[in-house]
Amino acid sequence: MHASSGNKVIALPGLTTGRLHFCSSTTFLAIRRSTKNDPFVQSNPKSLSELLSHRPRLPQLKQIHAQVVVFQAVSSYPSLPDSLIHCYVSSKDLTSARTLFNYYPFPPPPTLLWNILIRAHSKLRNCQEPFKLFRQMLALDPASLVFPDKYTFTFVVTSCSHQADLVNGEIVHGMAGKKGLESDLYVGNALISMYSVFGKMEDAHKVFDEMSDWDVFSWTSLLCGYAKHGDMCRACEIFVQIPVRNSVSWTVMISGFVGAGKYVEALNNFHDMLCDDKVQANEAIIVCALSACAHLGALDQGNWIHVYIGKLRIPESSNICTALIDTYAKCGRIDCATRVFNGLSRRDVHNYTSMISGLAIHGLGKDALHVFHQMLAENVDPNEVTLLGVLNGCSHSGLVEDGSSIFYNMESLWGVMPKIEHYGCYVDLLSRAGCLERAFDMVKSMPMNPDIVIWRALLNGCRIHRNANLAECIVNHIGQVVSRGCNGGEVLLSNLYASLGRWEGVAQVRKLMGERKAESNLGLSWIELGGVFHEFQVADSLHPQITEIRHKLKEVMEKARLGGYVANTMQVSFDLNEEDKEQAVAWHSEKLAVAFALMSTPPGTSIRIVKNLRTCEDCHTALKAISKVYGREIIVRDRSRFHSFRQGDCSCNDYW
Ligand code: ZN
Ligand code: ZN
């Protein structure tokens with residue numbers, strides 16, 4: 001061999017028939033280290049091939065490779081390069097595999113080798129290699145009889161979905177179609193999966209329909225595509241047709257419903273799954289089901305799942321514990337959340353984050369800060385969600401100094417750049433604490449455009465601290481920003497003008513919005529009674545008992561009025577007269593839920609309601625009065641925190 005010392009590349013006649021330049025320095029060292037006592041020293045090409053068939057580890061592989069070179073074994077055993085490439089691929093040394101492949105002796109490598117390399121590279125992120133190899137393969141002389149087969153197409157399509165390369169994926173799809181491979185199970189599955197990744201569900205379904213045979217992967221990919229892109233109607237259609245449902249398909253359904261905000265359906269599916277004998281709940285399913293409970297505030301169901309985990313001896317992994325802490329906290333049982341948290345022998349950032357955020361929504365800012373400091377003492381670094389949680393905690397407890405020091409040191413201490421959500425939290429903190437000028441200055445100097453959440457936080461501060469002058473000034477400022485075409489502000493602005501009684505301003509903004517229909521969020525409230533969920537919309541007409549509920553609500557509001565409640569119509573749309581406005585706030589979803597609870601539960605029991613939006617001032621006042629008149633504890637979790645109404649007062653001290 002022509003080894004030149006000091007040079008990293010050495011000419012290797014054994015593999016090269018004179019034109020190859022491949023031998024890495026480690027391979028060269030392996031040659032020098034070889035001794036006669038070493039079991040890996042073999043001069044016989046057949047024994048070398050046998051050694052390779054045992055899939056040696058990388059250092060041994062390099063020694064064998066070295067000997068293939070030294071003893072010029074390829075000439076008498078031409079399959080050695082194939083075996084070497086195989087072994088390098090299984091040792092994940094793709095660079096060596098690819099280099100050997102590039103200098104493959106004539107004739108060109110067989111299709112199997114191309115496939116192995118394409119597949120190996122398709123698993124890497126940001127790697128163009130599979131498509132490059134595919135094009136090289138297509139450019140081969142047809143006389144070589146090396147053509148892409150169904151596996152080649154499968155791996156190239158898979159690689160296109162990993163690389164987010166739809167354009168090339170569609171080209172490859174066209175080529176597979178010409179070769180009649182489109183209906184093949186493997187190619188078809190890869191295509192369904194690719195189109196599902198890109199949300200092109202029509203194309204995915206078309207491929208599915210044209211396949212001659214389906215396996216569990218075909219069904220799951222299609223189901224997953226619909227569920228991931230929020231089309232749960234189509235997902236349900238597919239799901240009922242699946243011949244055999246497994247834990248993956250159930251997970252897809254349950255997590256799909258959670259992702260689409262259909263929590264009741266998610267839990268219904270979870271219960272259906274429990275009735276399926278062939279499937280056992282796994283971590284992913286439990287975490288999804290708990291997440292649905294957390295959103296709904298479904299304490300009984302959450303509790304039941306906790307017991308179920310214990311009974312089935314499903315290991316309480318970090319993910320499950322994080323979900324349990326979150327669920328208990330969001331169901332109003334911070335004591336149970338704390339018990340799960342304290343029971344952990346080791347805590348990671350997710351456990352801490354869940355606990356801190358839970359304490360924050362309960363208005364327990366000091367406890368949230370305490371856990372945060374405990375986390376730092378245990379050398380667990382907070383992430384952006386943890387910091388959001390702790391800022392939120394400071395905000396609900398008026399801890400301005402602690403919150404400020406965290407906000408201003410996020411980047412230097414923990415490497416987290418404040419995002420718009422962190423600014424939102426901090427502005428909220430300053431506004432609630434009455435530092436309104438400081439908050440407004442902060443908003444004006446933010447590095448990004450303030451969003452509707454931030455303006456709302458600022459104006460909420462003005463409302464709490466009854467500062468109408470500043471509110472007016474802020475509204476004018478927003479008016480300028482909105483008229484400059486900053487989106488999302490219109491609804492807010494129109495509501496603001498309405499709350500200040502400036503109806504001409506409201507009309508102006510509505511005009512400005514013109515045809516663009518700004519959709520305001522629909523208010524929804526949930527209540528769980530005897531394991532059944534009831535959902536109420538504003539001015540609901542869907543609930544089967546709605547007539548009785550409305551009747552009851554009228555009676556409840558009458559009594560509340562006698563208890564001192566006066567309707568507050570400031571936040572209602574402008575084009576209604578005073579009487580209509582009172583009607584509009586009267587039908588808010590949480591009031592309907594309370595009326596329903598009062599007619600369906602025994603006197604004296606607590607009422608738990610979850611609302612998807614922040615509760616309005618009128619409902620807040622009404623619920624305080626109702627709690628007193630009816631002698632009931634009413635616990636409402638709105639988007640921002642818990643309110644516990646008791647004897648005419650709320651745990652938030654009207655500070656929300
Ligand atoms: Zn309301
Ligand atoms: Zn409150």
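Because the structure is predicted, anything quoted here is derived from the model rather than measured.

Trainee: Lay out unusual backbone geometry with the relevant residues and their values.
Mentor: Here the phi dihedral of R313 falls at roughly 55°; this positive angle occurs in a residue that is not glycine. Topologically, R313 is positioned in the loop between α18 (299–311) and α19 (318–330). Positive phi, close to 50°, is recorded for Q647, a residue that is not glycine. Of note, Q647 is situated in the loop between β5 (642–646) and β6 (649–650). Given the relative accessible area of 53%, Q647 is considered exposed.

Trainee: Outline the sheet that holds strand β4 (residues 634–637), supporting the account with residue identities and numerical values.
Mentor: With respect to topology, 6 strands assemble into an open sheet ordered β2-β1-β3-β4-β5-β6, the strand pairing being mixed. The sheet is open, and its two edges are formed by β2 (532–537) and β6, each paired on a single side. Note: strand β1 (residues 524–529) against β2, 6 bridges, orientation antiparallel. In the strand pairing of β2, I527 is matched with H534. Strands β4, β5 and β6 of the sheet are contacted by helix α34 (residues 617–629), whose axis makes an angle of about 40° with β5.

Trainee: Before we move on, can you summarise the coordination of the zinc ion (ligand 2) with the specific residues and values?
Mentor: In this structure, H620 (NE2), H643 (ND1), C650 (SG) and C652 (SG) serve as the protein donors to the zinc ion (ligand 2), at separations of 2.0 to 2.3 Å. Around the zinc ion (ligand 2) sit 4 donor atoms; with metal-centred angles ranging over 103 to 117°, the donor geometry is tetrahedral. On the primary sequence, the residues serving as donors to the zinc ion (ligand 2) are separated as H-x22-H-x6-C-x1-C. H643 sits in the buried class, given a relative accessible area of 0%. Judged by relative accessible area, C650 falls into the buried class, the value being 6%.

Trainee: I'd like to hear about the pattern of salt bridges, residue by residue, with values.
Mentor: Where side chains of opposite charge bring their charged atoms close, a pairing between them can arise. With the rule as written, the count across this model stands at 18 salt bridges. Close ionic contact of E129 with R98 constitutes a salt bridge, the shortest N to O distance being 1.8 Å. Of this pair, E129 sits in helix α8 (residues 129–138) while R98 sits in helix α6 (residues 94–102), and the two are 31 residues apart along the sequence. Of the two residues, E129 and R98, neither departs from the other in class, the shared state being buried. One salt bridge in this structure joins D428 and R432, with 2.9 Å as the shortest N-O distance. A residue pair is termed a helical-turn pair when its members lie 3 or 4 positions apart in one helix, as D428 and R432 do in helix α25 (residues 420–432) at 4 residues. Each of R98, E129 and K132 takes part in salt bridges that share partners, so that together they form one network.

Trainee: Would you mind going over the packing of aromatic side chains in detail, with residue names and values included?
Mentor: Taken as a whole and assessed by the stated rule, the structure comprises 18 aromatic pairs. Relative to Y426, the ring of Y408 has its centre 5.6 Å away and its plane inclined at 85°; by these criteria the two rings are edge-to-face. With Y408 in helix α24 (residues 400–414) and Y426 in helix α25, this pair connects stretches of sequence that are 18 residues apart. Residue Y426 is classed as buried on the basis of its relative accessible area of 0%. Sitting over the ring of F239, R245 keeps its end group 4.9 Å from the ring centre. Geometry around F341 places R347 over its ring, the cationic atom sitting 4.5 Å from the centre.

Rules used throughout
- Residues numbered from 1 in each chain as written.
- Chains lettered and ligands numbered in written order.
- Predicted model: local features only at pLDDT ≥ 70, side-chain atom pairs only at ≥ 80, totals over all residues.
- Heavy atoms only, no water.
- Helix = DSSP H or I, 4+ residues; strand = E, 2+ residues; numbered from the N terminus.
- Buried < 20%, exposed > 50% of the residue type's maximum accessible area, 1.4 Å probe, protein only.
- Pairing = 2+ DSSP bridges.
- Contact = heavy atoms within 4.5 Å.
- Axes fitted to C-alpha atoms, helices over the stretch in contact; angles between N-to-C directions.
- Donors = N, O, S within 2.8 Å, 3.2 Å for Na, K, Ca; no water.
- Tetrahedral: all angles 85-135°; square planar, octahedral: opposite > 155°, others 65-115°.
- Salt bridge = Lys/Arg side-chain N within 4 Å of Asp/Glu carboxyl O.
- Phe/Tyr/Trp six-rings, centres within 6.5 Å; stacked < 30°, edge-to-face > 60°.
- Lys NZ or Arg CZ within 6 Å of the ring centre and 35° of its normal.

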